[in-house]
Amino acid sequence: MLFSSRTVRAFHQVSKRTFHSSLQMSAKPGQAEVVLVGCGAPNRGMGWYHGIQMLEGRCPSAALDYIIEPWFLGDGADSEPGRDFAAWQEEVSKEHPEVGFATSLQELPPPKAPRLALISGRTADNPRLLQEAIDQGCQCIYLEKPGAPTVTELESMAATAEAAGVEVLMGYNKNVCKYVRKTREFAAQNPDSITTYVSNNAYENTKESLGECFERNAEGMLKNMAIHELALLASFYDVTVDNIEKVEADKEFSSCQTLKGPSGKEFTDFDKIKFTITTKTGQVVSVQADRCGGTDSWATVSSPSGEELFRYYMPDEEDKQNVAKLEQKHPTAMPYFFTQDPDYVTVKERVAKHTFSGDTAEGVATIDIAVETLKVAEYLTPILQEQLS
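Read on for an overview of the structure. (Residues numbered from 1 in each chain as written. Predicted model: local features only at pLDDT ≥ 70, side-chain atom pairs only at ≥ 80, totals over all residues. Heavy atoms only, no water.)

### Some points on the overall build of the protein chain
Item 1. Each helix and strand counted, the protein chain has 13 helices and 13 strands in total.
Item 2. Relative to the globule expectation of 21 Å for 389 residues, the C-alpha radius of gyration of the protein chain, 21 Å, shows essentially globular dimensions.
Item 3. C-alpha atoms of the protein chain, sized along the principal axes, occupy 65 × 45 × 40 Å.
Item 4. Long-range pairs, those at least 24 residues apart, make up 77% of the contacts in the protein chain with a sequence separation of at least 6.
Item 5. Approximately 17300 Å² of the protein chain is accessible, and the part contributed by carbon and sulfur atoms is 47%.
Item 6. Across the protein chain, the mean location of the 38 positive side-chain charges is 4 Å away from that of the 56 negative side-chain charges. (Helix = DSSP H or I, 4+ residues; strand = E, 2+ residues; numbered from the N terminus. Rg over C-alpha atoms; globule rule 2.2 N^0.38 Å. Contact = heavy atoms within 4.5 Å. Areas by Shrake-Rupley, 256 points an atom, 1.4 Å probe, with all protein chains shown as cover. Lys, Arg positive; Asp, Glu negative; His and termini not counted. Charge placed at Lys NZ, Arg CZ, Asp CG, Glu CD.)

Take a look at the structure:
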């Protein structure tokens, strides 16, 4: 259903007028009051998919009480995605009248239950949004990767949160993935084996498609697509900048290009990269990422001679049944939502439960891990670009 510009603006104005006066909090005892910050466009925004999972009740400890969307409730309301958002907002408001929409965190009333902010907006906005979430009484913050544009900003955010007594946990969902767990279990039984984590996206292999990707993810592949794999290395393989002995790019596989984005500006980034890190403590681990490699991710365990001993896919055969159901339910949504669907649920549930109960959010990366991960990304990017030049 499409709305005229006048209808869209009127609908948003009404929703904002009634935000404080009529909203009934949905969080019940044993649930965190969740504020979704940066919903994004329906079927495309990661925040939108987080919201869908909570609205469907798939995270029992999370009650989605507020959705903050400054762009599509503001200057972007008259765009085509803005009209899509307005239609979805109307649908949500009818089916879940307890959920409030707003353009900023400052519009929130005081919390009535332990409040969790799930920040899933533009990376560049995260330092400001984290401070605003703290100011609005959030006692825990779930921050999407990579957390901030630079190490300096992320370290400052970590210090700010620590001073306020607010815990920040990261949306590195692959830390809790089945394929990662099974791979690590197999590798532990095979000393001196080498693990490789493979991540793929399904962009078209054209200058136009990759140029748009480079511009939209201007922080670069290692701070964006492959950041999940770097978080695994920081979490489980002792990979830090100080502990890296050497890094070697696979020149046959890897590619670094300079392409024009939709704005006409040029961006230099990897469209695919494979590298192996050897640490000073004797760990050897590899990462492979391909913007145009498809929708599946996997991990392998190989012998020191290179013989593949083990491979596990995400999704596996069991998960593919869930993927097929989700594709039918959301036919125009981003495919990677579905392959990682159960892991998104797991991380949100553990963080929400931690927010109201204080229980350890097992396996969930902290902001300290995120800082180390971002340091590694910044360290590796120029080294790998030079090796490929």
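### Details of unusual backbone geometry
Item 1. A cis geometry characterises the amide bond from Lys-145 onward to Pro-146, with omega recorded as -5 degrees.
Item 2. Positionally, Pro-146 belongs in the loop between strand 5 (138–143) and helix 6 (151–164).
Item 3. A cis amide bond links Met-314 to the next residue, Pro-315, at an omega of 5 degrees.
Item 4. The topology assignment puts Pro-315 in the loop between strand 13 (308–314) and helix 10 (317–329).
Item 5. At Asn-43, a position not held by glycine, the phi torsion is positive, near 75 degrees.
Item 6. Here Asp-238, not a glycine, exhibits a phi torsion of approximately 60 degrees, which is positive.
Item 7. Tracing the backbone shows Asp-238 in the loop between helix 9 (227–236) and strand 8 (244–249).

### With respect to helix 4 (residues 80–95)
Item 1. An ideal rise of 1.5 Å per residue puts 22 Å on 16 residues; helix 4 measures up with 23 Å between its terminal C-alpha atoms.
Item 2. Residues of helix 4 that are buried: Gly-82, Phe-85, Ala-86, Trp-88, Gln-89 and Val-92.
Item 3. You can read the cap of helix 4 off the contacts: a side-chain oxygen lies 3.0 Å from the backbone nitrogen of Gly-82, and it is on Ser-79. (Expected span 1.5 Å × (residues − 1). Buried < 20%, exposed > 50% of the residue type's maximum accessible area, 1.4 Å probe, protein only. Polar contact = N/O pair within 3.5 Å; in protein donor to acceptor, adjacent residues only side chain to side chain.)

### Considerations on empty space enclosed by the protein
With a probe scaled to a water molecule rolled over the atoms, the places where space remains empty come into view.
Item 1. Considering all chains together, one arrives at one cavity of 30 Å³ or more under this definition.
Item 2. The computed volume of the largest cavity comes to approximately 30 Å³.
Item 3. Along the walls of the largest cavity sit Val-34, Met-54, Ala-62, Leu-116, Leu-118, Tyr-142, Lys-348 and Ala-352, which together make up its complete lining. (1 Å grid on protein atoms, 1.4 Å probe; cavity = no way out; pocket = protein on both sides within 12 Å on 5 of 7 lines; lining within 4 Å. Points joined across faces, edges and corners; volume = space filled by probe spheres on them.)

### Quick notes on the pattern of salt bridges
Item 1. According to the stated counting rule, one finds 19 salt bridges in the structure shown.
Item 2. In this structure, Asp-125 and Arg-128 form a salt bridge, with 3.9 Å as the shortest nitrogen-oxygen distance.
Item 3. Note on Arg-128: relative accessible area 44%, which makes it partly exposed.
Item 4. Residue Arg-128 is joined to Glu-132 by a salt bridge in which the shortest nitrogen-to-oxygen separation is 3.2 Å. With Arg-128 and Glu-132 both in helix 5 (residues 126–135) and four residues apart, the pair spans about one turn of that helix.
Item 5. Classification of Glu-132 by relative accessible area gives buried; the value is 14%.
Item 6. Beyond isolated ion pairs, a larger network of salt bridges with shared partners links Arg-122, Asp-125, Arg-128 and Glu-132. (Salt bridge = Lys/Arg side-chain N within 4 Å of Asp/Glu carboxyl O.)

### Focus: the sheet that holds strand 3 (residues 100–102)
Item 1. Pairing is parallel in the open sheet, where six strands are placed in the order 3-2-1-4-5-6. Taken across any chain shown, the strands that pair with only one partner, and hence form the sheet edges, are strand 3 and strand 6 (167–170). Averaged over all pairs of adjacent strands, the angle between their axes in this sheet comes to 25 degrees, without regard to strand direction.
Item 2. Bridge analysis of strand 5 against strand 6 gives four bridges, and the strand direction is parallel. Bridge pairing in strand 6 places Tyr-142 opposite Leu-169.
Item 3. Where helix 5 meets the sheet, it contacts strand 1 (32–37), strand 4 (115–119), strand 5 and strand 6, and its direction lies at approximately 155 degrees from that of strand 5. (Pairing = 2+ DSSP bridges. Axes fitted to C-alpha atoms, helices over the stretch in contact; angles between N-to-C directions.)

### Things to note about the pairing of strand 11 (residues 284–290)
It is a general feature of regular strands that their side chains alternate between the two faces of the sheet.
Item 1. In terms of burial, strand 11 is largely enclosed, as six of its seven residues are buried.
Item 2. One ladder, built from six bridges, connects strand 7 (residues 194–200) with strand 11; its direction is parallel. Note on strand 11: the bridge partner recorded for Tyr-197 is Val-287.
Item 3. Direction of pairing for strand 10 (residues 266–279) relative to strand 11: antiparallel, over a ladder of seven bridges. Bridge assignment links Thr-276 to a residue of strand 11, and that residue is Ser-286.
Item 4. Between strand 10 and strand 11, which pair antiparallel one after the other, the connecting turn spans four residues, and Gly-282 there sits at a positive phi close to 95 degrees.

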